[in-house]
Amino acid sequence: MKNITLKRLELTNYRNIEYAAYDFNGSSTIVGDNRIGKTNTLESIHWLLTDKLLDGSSEVSAIKPLRDTKLEVRVKATFDIDGKVVTLEKRYKEK
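Given the structure is predicted, the values throughout are model-derived calculations rather than measurements.

**Student:** I tried to follow helix H1 (residues 38-50) on my own but got confused; where do I start?
**Tutor:** Residues spaced three or four apart along an α-helix point in a common direction, a consequence of the helix completing one turn every 3.6 residues. Between its first and last C-alpha atoms H1 spans 19 Å; for 13 residues at 1.5 Å apiece the expected length is 18 Å, and the two agree. Listing the buried residues of H1 in full gives Asn40, Thr41, Glu43, Ser44, Ile45, Trp47 and Leu48. Contact partners of the buried residues in H1: strand E1 (4-14), strand E2 (17-23), strand E3 (73-81) and strand E4 (84-92). Asp51 sits one or two positions beyond H1 and adopts a positive phi of about 65 degrees.

Right, here's the structure in full:
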């Protein structure tokens, strides 16, 4: 079994999150007030890994930024997989 740890997550224009960068130390907790992006942060990881939203749909229009749907969406995550650093990045931009 592989040991996989999320080390860093960067979000750009993901729904209500203009830009955020999170560094995780293995026992991090995501907390905050309502409507600041906690669920969207978790959903971005799910989308990056599965191409699906938390509700199981693949409706990519739901990830577009609320303030300007023409902006590019970017999710970038860095993982430690059995001591090897692996970075995944996904981008979406409306044509």
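**Student:** How should I be thinking about the packing of aromatic side chains in this particular structure?
**Tutor:** We describe a pair of aromatic rings using the distance from one ring centre to the other and the angle between the two ring planes. Scanning all chains against the criterion turns up two aromatic pairs. Look at Tyr14 and Trp47: their rings are 6.3 Å apart centre to centre, the planes differ by 50 degrees, and that puts the pair in the tilted class. Of this pair, Tyr14 sits in strand E1 while Trp47 is found in helix H1, placing the two residues 33 residues apart along the sequence. Overall, Tyr14 belongs to the buried group, its relative accessible area being 0%.

**Student:** What is the right way to look at the sheet that holds E2 in this model?
**Tutor:** Strand order across the open sheet formed by four strands is E2-E1-E3-E4, with antiparallel pairing between neighbours. The strands lining the two open edges of the sheet, one partner per strand, are E2 and E4. Taking the axes of each pair of neighbouring strands and ignoring which way they run, one obtains an average angle of 10 degrees across the sheet. Across nine bridges, E3 lies against E4 in antiparallel orientation. Residue pairing for E4: Arg74 is matched across the bridge by Arg91. Here H1 sits on the sheet and contacts E1, E2, E3 and E4; the angle it forms with E1, its principal contact strand, is near 105 degrees.

**Student:** Explain the pairing of E3 here, please?
**Tutor:** The two faces of a sheet get side chains in turn, since along a regular strand they alternate between them. When E1 meets E3, the two strands line up antiparallel, connected through eight bridges. Bridge assignment links Glu10 to a residue of E3, and that residue is Lys76.

**Student:** I keep staring at the pairing of E2 and nothing clicks. Help me out?
**Tutor:** One ladder, built from six bridges, connects E1 with E2; its direction is antiparallel. Bridge pairing in E2 places Tyr14 opposite Ile17. With antiparallel pairing between neighbouring strands as the criterion, E1 and E2 make up a hairpin whose turn holds two residues, including Arg15 at a positive phi of roughly 50 degrees.

**Student:** Would you explain the pattern of salt bridges in this entry?
**Tutor:** Overall, the coordinates contain nine salt bridges when judged by the stated rule. Close ionic contact of Asp51 with Lys90 constitutes a salt bridge, the shortest N to O distance being 2.1 Å. Of this pair, Asp51 sits in the loop between H1 and E3 while Lys90 sits in strand E4, and the two are 39 residues apart along the sequence. Overall, the relative accessible area of 48% leaves Asp51 in the partly exposed class. Judged by relative accessible area, Lys90 falls into the buried class, the value being 16%. For the salt bridge of Arg91 with Glu89, the shortest nitrogen-to-oxygen distance reads 2.8 Å. Since its relative accessible area comes to 37%, Glu89 is described here as partly exposed.

Cut-off values and rules
Residues numbered from 1 in each chain as written. Predicted model: local features only at pLDDT ≥ 70, side-chain atom pairs only at ≥ 80, totals over all residues. Heavy atoms only, no water. Helix = DSSP H or I, 4+ residues; strand = E, 2+ residues; numbered from the N terminus. Expected span 1.5 Å × (residues − 1). Buried < 20%, exposed > 50% of the residue type's maximum accessible area, 1.4 Å probe, protein only. Contact = heavy atoms within 4.5 Å. Phe/Tyr/Trp six-rings, centres within 6.5 Å; stacked < 30°, edge-to-face > 60°. Pairing = 2+ DSSP bridges. Axes fitted to C-alpha atoms, helices over the stretch in contact; angles between N-to-C directions. Salt bridge = Lys/Arg side-chain N within 4 Å of Asp/Glu carboxyl O.

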